[in-house]
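Overview (structure and organization)
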2 protein chains.
Amino acid sequence: MTGTVQEIAPRSGAGFTLSAGQTLTVIDPRGVQVADLLAYNAADVREVLSSGRTLDYAETIQLTTGHKLYSNRSNVLLEIVEDTVGRHDFLLTPCSYATFDHFYPDLPRHRGCFGNLAEALAPWGITEDMIPVAFNCFMNVPVDGPTGRLEVLPPVSKAGDRIVLRAAMDLVIGLTACSAPASNGGSFKPIHYRID
Amino acid sequence: MTGTVQEIAPRSGAGFTLSAGQTLTVIDPRGVQVADLLAYNAADVREVLSSGRTLDYAETIQLTTGHKLYSNRSNVLLEIVEDTVGRHDFLLTPCSYATFDHFYPDLPRHRGCFGNLAEALAPWGITEDMIPVAFNCFMNVPVDGPTGRLEVLPPVSKAGDRIVLRAAMDLVIGLTACSAPASNGGSFKPIHYRID
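Taking an unreviewed UniProt entry as the reference, chain A is identified by name as DUF1989 domain-containing protein belonging to Sphingomonas endophytica.

1. Observations regarding the pattern of salt bridges
One pass over the full model with this rule turns up 18 salt bridges over all chains. Across the pair A:Arg46 and A:Asp44 runs a salt bridge, and its minimum N-O distance is 3.0 Å. When salt bridges with common partners are traced through the structure, they connect A:Asp44, A:Arg46, A:Glu47, A:Arg73 and B:Asp129 into a single cluster.

2. Remarks on the environment of B:Val152
All names here are of chain B. Of note, Val-152 is situated in the loop between strand E7 (135–137) and strand E8 (161–167). Residue classification places Val-152 among the partly exposed residues on the basis of a relative accessible area of 27%. Between the C-alpha atom of Val-152 and that of Glu-119, which follows or precedes it by 33 residues, the distance is 25 Å.

3. Remarks on the interface of chain B and chain A
The figure often quoted for interface size is the accessible area lost as the parts come together. Contact with chain B, which involves 34 residues of that partner, is made by 34 residues of chain A. When chain B packs against chain A, the two sides together hide about 3,100 Å² of surface, and 49% of this comes from carbon and sulfur. Interface area lost by chain B to chain A is led by B:Arg53, B:Glu59 and B:Asp129, which between them contribute 19%. Along the contact surface separating chain B from chain A lie four salt bridges. Across the pair B:Arg149 and A:Glu59 runs a salt bridge, and its minimum N-O distance is 3.8 Å.

4. Topic: the side chain of A:His192
Residues and elements named next belong to chain A. Along the polypeptide, His-192 turns up in strand E10 (residues 191–195). Within the local environment of His-192, its side chain forms a polar contact with the side chain of Glu-7, the two groups lying 2.7 Å apart. Setting aside residues up to four positions removed in sequence, His-192 forms contacts with Val-5, Gln-6, Glu-7, Thr-25, Val-26, Ile-27 and Pro-29.

5. What about the environment of B:Gly145?
In this structure, B:Gly145 sits in the loop between E7 and E8. By relative accessible area, which is 18% here, B:Gly145 ends up buried. Those residues in contact with B:Gly145 that lie beyond four places of it in its chain are A:Gln62, A:Val143 and A:Gly145.

6. Looking at the pairing of strand E2 (residues 13–18) of chain A
Residues and elements named next belong to chain A. Burial of the side chains of E2 is restricted to one face: Ala-14, Phe-16 and Leu-18 are buried, whereas none of Gly-13, Gly-15 and Thr-17 on the reverse face is. Sheet topology places E2 next to strand E9 (residues 171–176); six bridges connect them, and they run antiparallel. If you follow Phe-16 over to E9, its bridge partner there is Ile-173.

Procedures and definitions
Residues numbered from 1 in each chain as written. Chains lettered and ligands numbered in written order. Predicted model: local features only at pLDDT ≥ 70, side-chain atom pairs only at ≥ 80, totals over all residues. Heavy atoms only, no water. Salt bridge = Lys/Arg side-chain N within 4 Å of Asp/Glu carboxyl O. Helix = DSSP H or I, 4+ residues; strand = E, 2+ residues; numbered from the N terminus. Buried < 20%, exposed > 50% of the residue type's maximum accessible area, 1.4 Å probe, protein only. Contact = heavy atoms within 4.5 Å. Buried area = accessible area lost by both parts, 1.4 Å probe. Polar contact = N/O pair within 3.5 Å; in protein donor to acceptor, adjacent residues only side chain to side chain. Pairing = 2+ DSSP bridges.

Below you can see the structure in the form of C-alpha cells.
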C-alpha cells in the first residue's frame with residue numbers, strides 16, 4: 001500500500017508497520033480533526049514512544065519539523081520532517097470509556113482512541129496497559145505558563161494539512177481518527193495517511 | 001517503619017509498599033532537591049501512574065493539594081493532601097545514562113533516577129520498560145505558554161518542605177533522591193520520607 005492514500009473512518013483506528021527510512025504522512029482531509037499516533041519497536045514492542053523522553057530532549061512541548069520522537073529506551077523512533085500545522089499535543093493519553101465518563105457524562109459512551117488503538121495493535125501482542133501518552137497530531141492543547149492550566153481547543157489544521165514523520169527503525173504504528181468531541185471542534189471526520 | 005522518617009541517600013532510590021489509606025510524606029530536608037515518585041498497583045504492577053491521564057483530568061500541569069494522580073487504567077492511585085511547595089513536574093521521565101550522555105557529556109555517567117528506580121522496583125517484577133513519566137516532587141519545570149519551551153530550574157523547595165500523598169489502593173512505590181545536576185541546583189542532597 002506504499003504511496004497510496006488510506007482512509008481511517010471517523011472514530012476508528014488502524015495498525016500497520018512502517019520500515020526504517022519510510023515516511024508516514026498523516027493528513028487531515030477536512031480540517032479540525034485529531035489523529036492519535038503511537039509507535040513501537042517492531043522487533044520488541046516493549047520499546048514504545050515516550051512523551052517524557054521526547055519533551056526532555058526537545059526542551060519544548062511544541063514539537064514540529066526537525067524534532068525527534070524518542071522511545072522509553074531513549075532511541076529515536078520517528079523524526080518530524082514536514083509539518084504544515086505546527087500545533088500538536090504530547091501531554092495527554094488517548095480518549096477512552098473512562099474519559100468519556102469524566103468529560104461527557106451526558107453523551108453515549110465510546111471506547112475512544114484508546115479502545116480503537118488497543119484493537120488495532122492487538123495483532124502485534126500490544127495490550128491496553130502498553131498504551132502510553134500518544135503523539136496527538138493536530139491536537140490543540142495550549143498551556144498557560146503562569147498557572148499551568150491546559151485547555152483542549154479545536155485544532156488549527158485546515159483541509160489538506162499534514163505532518164510527515166520518517167521512521168528511524170522498523171516500527172508498529174497505531175493511528176486513529178479521534179473520537180472526543182472537544183478535541184475535534186465538535187464533529188468527527190476521517191483521517192488520511194500514506195506510507196512512502 | 002510506619003511513622004519513622006527514612007532517609008534516601010543522595011543519588012539513590014528506594015522501593016516500598018504503601019497500603020490503601022496510608023499517607024506518604026516526601027520531605028526535602030535541606031531544600032532544592034528533587035524526588036522522583038512512581039506508583040504501581042500492588043495487586044497488578046501493569047497498572048501504573050500515568051501523567052497523561054492525570055493531566056487530562058486535572059486540566060493543569062501544576063498539580064498540588066486536592067489533585068489526584070491517576071493510573072493508565074484511569075483509577076486514582078494517590079491524592080495530594082498537603083503540599084508546602086506547589087511546584088512539581090509531571091512532564092519528564094527519570095534521568096538515566098542516556099540523559100546524562102545527552103545533557104552532561106563532560107560529566108561522569110550516572111544511571112540516574114531511572115537506574116535507581118529499576119533496581120529498587122525489581123523485587124516486585126517491575127522492569128526498566130515499565131518505568132513511565134514519574135511524578136517529580138519539587139522539580140521546577142516552567143513551560144512558556146506562547147512558545148511551549150520548557151526549562152529545568154532549581155527547585156523552589158526550602159529545608160523541611162514536604163508533599164503528602166494518600167494512597168487510594170495498595171501500592172508499590174519507587175522514590176529517589178534525584179541525580180541530575182540541573183534538576184537540583186547543582187548539588188545532590190538526601191530525601192526523607194515517612195509512612196503514616
